[in-house]
Amino acid sequence: MVLIGQRITVLGAGIGGLAAALALALRGASVRVIEQSPEIAEVGAGLQISPNGSAVLEALGLKDAFEAVSMASNGAVLRDFARGAEVLRLDLTGFGRFGLVHRADLIAVLERGAREAGVEIVLDRKVADVRLDGPAPVLRFEDGTEEDAAVLVGADGLHSRTRAAILGEAVPSFTNQVAWRALVPITPGEVADEAQVFMGPGRHLVAYPLRGGTVLNLVGVEEFADWSAEGWNHPGEPKRMRAIFARFGGPVQDWLTRVEDVRVWGLFRHPVAPRWIAPGAALLGDAAHPTLPFLAQGACLALEDAWVLGQSLAGHDGVDAGLAAYQAARIERARRTVAAATANARNYHLRSVPVRRVAHAGLRMIGRVAPDFMPDRFAWLYSHDVTKS
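Residues numbered from 1 in each chain as written. Predicted model: local features only at pLDDT ≥ 70, side-chain atom pairs only at ≥ 80, totals over all residues. Heavy atoms only, no water.

Participant: Could you give an account of the environment of Glu86, naming the residues involved and the relevant values?
Facilitator: When you line up the elements, Glu86 lands in strand E6 (residues 86–91). Through-space distance from the C-alpha of Glu86 to that of Arg364 is 8.3 Å; in sequence the pair is 278 residues apart. Filtering out sequence-adjacent residues up to four positions away, Glu86 remains in contact with Val77, Leu78, Arg79 and Arg364. Engagement of the side chain of Glu86 in a polar contact is seen with the side chain of Arg89, the distance being 3.1 Å. (Helix = DSSP H or I, 4+ residues; strand = E, 2+ residues; numbered from the N terminus. Contact = heavy atoms within 4.5 Å. Polar contact = N/O pair within 3.5 Å; in protein donor to acceptor, adjacent residues only side chain to side chain.)

Pasting the structure below:
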């Protein structure tokens, strides 16, 4: 299908929405992005972009811009919480470049690329409802106005109005886990250029540097009985974060003393959508497959979706044929990735001391005897390049 002049509306100016807008605009579509926030502000914290995500950024013409704002990671190190002792080192460099980047910096790269490609970005417009019962998708805004969309891409997150229109209303389920995130100052070279995961009973903490090694990204996750507040940007208390991770050793306590501002959010999930498409409409990113942040694949999956959506629409006759091809290409990979992230959550939080000791001893043995075994288990994830499919 020739996309030149094809009118496409994207809901959401996050990573997936902006990447999709750019992928479509580069193929000639006339793209309009609608974002509910009054500005694309510096929110969020660190992201790890693995080679499967970096491949999309390169194909979108953003390789140099992305590398300018990110740090190359040497891999990941799993550590025991008590002393910070190394359990397993994962050398992931053989798959390609893993970029450590502040979310705001990646958003800025995508926004600039989208605008330069002619994408229109409309801010401060909140969609109250999406209707898919007519000849074209219809958006109803909170101010009561309506507009149609020849093609609609719902990159509107966990509480997606597009998903509700396709599948019906559903309430995300709480995972009984709460995440704490903070950015603390460090000096360049103080912390190695890698992701460190400190694994403890019922909780874990991830740390890696950003912005040239001047900032350390901390994300701690604890198991929690109940959580009612929605959203992912609630202010938290630094002293509470310090108390939750008070038993963590190694460098963690020094890092926690530097925390001055912390954000906290409950981790919620929908299952991967059984259907991503309707006539003239498709889901993308968290709207289709929200994933727990334990494999660092939320942003990467959204980038993959964006590329495949553009490729599928451009490569098929008719919008609905292109959308069907997009869903077919993406749904099983999303399911497998979400399941792997969920499994990591269980593995990081082993509560039984004997079980944890045996598990960690086994990982240490694997690291000594077959150092490539664990990285190779994720070759299906990191080596996959949707731009060459």
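Participant: How would you sum up the environment of Ala104? Please name residues and give values.
Facilitator: The topology assignment puts Ala104 in helix H4 (residues 103–116). For Ala104, a relative accessible area of 11% corresponds to the buried category. Along the backbone, Ala104 and Gly14 are 90 residues apart, and their C-alpha atoms lie at a distance of 9.7 Å. (Buried < 20%, exposed > 50% of the residue type's maximum accessible area, 1.4 Å probe, protein only.)

Participant: Outline unusual backbone geometry, listing residues and values.
Facilitator: With phi around 60 degrees, Asp124 is a residue other than glycine that occupies positive phi space. Relative to the helices and strands, Asp124 is located in the loop between strand E8 (120–122) and strand E9 (127–131). Despite not being glycine, Asn176 shows a phi value in the positive range, around 65 degrees. Topologically, Asn176 is positioned in strand E13 (residues 173–185). Take Asn176: its relative accessible area is 37%, and that puts it in the partly exposed class.

Participant: Talk me through the packing of helix H1 (residues 15–25) against helix H8 (residues 298–314); I want residue IDs and the actual numbers.
Facilitator: Where H1 contacts H8, the two axes come as close as 8 Å, and the packing angle between them is 25 degrees. When the interaxial angle is binned, H1 and H8 end up roughly parallel. With respect to the hand of their crossing, H1 and H8 are arranged in right-handed fashion. Residues Ile15, Gly16, Ala19, Ala20, Ala23 and Leu24 of H1 touch H8, and the partners they reach there are Ala299, Ala302, Leu303, Ala306, Trp307, Leu309, Gly310 and Leu313. Taken together, the residues of the contact of H1 with H8 break down into 12 nonpolar, 2 polar and no charged. (Axes fitted to C-alpha atoms, helices over the stretch in contact; angles between N-to-C directions. Parallel < 35°, antiparallel > 145°, perpendicular 65-115°, else oblique. Left-handed = near helix turned anticlockwise from the far one by under 90°. Nonpolar A, V, L, I, M, F, W, Y, C, P; charged D, E, K, R; others polar.)

Participant: So, the side chain of Thr175: which residues are in play, and what are the values?
Facilitator: Relative to the elements of secondary structure, Thr175 occurs in strand E13. Engagement of the side chain of Thr175 in a polar contact is seen with the backbone oxygen of Leu267, the distance being 2.7 Å. Each residue touching Thr175, except ones within four places of it in the same chain, is listed here: Leu267, Phe268, Arg269 and Leu292.

Participant: I'd like a rundown of H8, residues and numbers included.
Facilitator: The end-to-end C-alpha distance of H8, which contains 17 residues, comes to 25 Å, matching closely the 24 Å that a straight helix rising 1.5 Å per residue would cover. With 14 of 17 residues buried, H8 is to be regarded as a mostly interior element. (Expected span 1.5 Å × (residues − 1).)

Participant: Outline the pattern of salt bridges, supporting the account with residue identities and numerical values.
Facilitator: It is possible for side chains bearing opposite charge to pair when their charged atoms get close. Enumeration according to the criterion identifies 20 salt bridges in this entry. One salt bridge in this structure joins Glu67 and Lys63, with 3.3 Å as the shortest N-O distance. Of this pair, Glu67 and Lys63 both sit in helix H3 (residues 63–69), 4 residues apart, which is roughly one turn of that helix. Since its relative accessible area comes to 33%, Lys63 is described here as partly exposed. By sharing partners, the salt bridges in this structure join Glu304, Asp305, Arg330 and Arg333 into a single network. (Salt bridge = Lys/Arg side-chain N within 4 Å of Asp/Glu carboxyl O.)

Participant: Explain the packing of aromatic side chains to me, and be specific about the residues and the numbers.
Facilitator: Within the structure shown, the criterion is met by 8 aromatic pairs. Ring plane angle 75 degrees and centroid distance 5.0 Å describe the contact between Phe98 and Tyr382, whose orientation is recorded as edge-to-face. One end of the pair, Phe98, is in the loop between E6 and strand E7 (99–102); the other, Tyr382, is in helix H12 (residues 379–382), with 284 residues separating them in the sequence. By relative accessible area, Tyr382 is classed as buried at 10%. Judged by centre distance (6.2 Å) and plane angle (40 degrees), the ring pair of Phe378 and Tyr382 falls under tilted. An aromatic cluster is built from Phe95, Phe98, Phe378 and Tyr382, whose rings are joined through pairwise contacts. Sitting over the face of the ring of Trp307, Arg27 holds its NZ or CZ atom 4.5 Å from the ring centroid. In this arrangement the basic side chain of Arg125 is found over the ring face of Phe141, its NZ or CZ atom lying 3.7 Å from the centre. (Phe/Tyr/Trp six-rings, centres within 6.5 Å; stacked < 30°, edge-to-face > 60°. Lys NZ or Arg CZ within 6 Å of the ring centre and 35° of its normal.)

Participant: Give a detailed account of the side chain of Glu147, specifying residues and quantitative values.
Facilitator: Inspection of the secondary structure assignment puts Glu147 in strand E11 (residues 146–148). The contacts of Glu147, once residues within four sequence positions are left out, are Arg32, Ile34, Arg125, Pro137, Val138, Leu139 and Phe141.

Remember that the coordinates give geometry; whether it matters functionally is a separate question.
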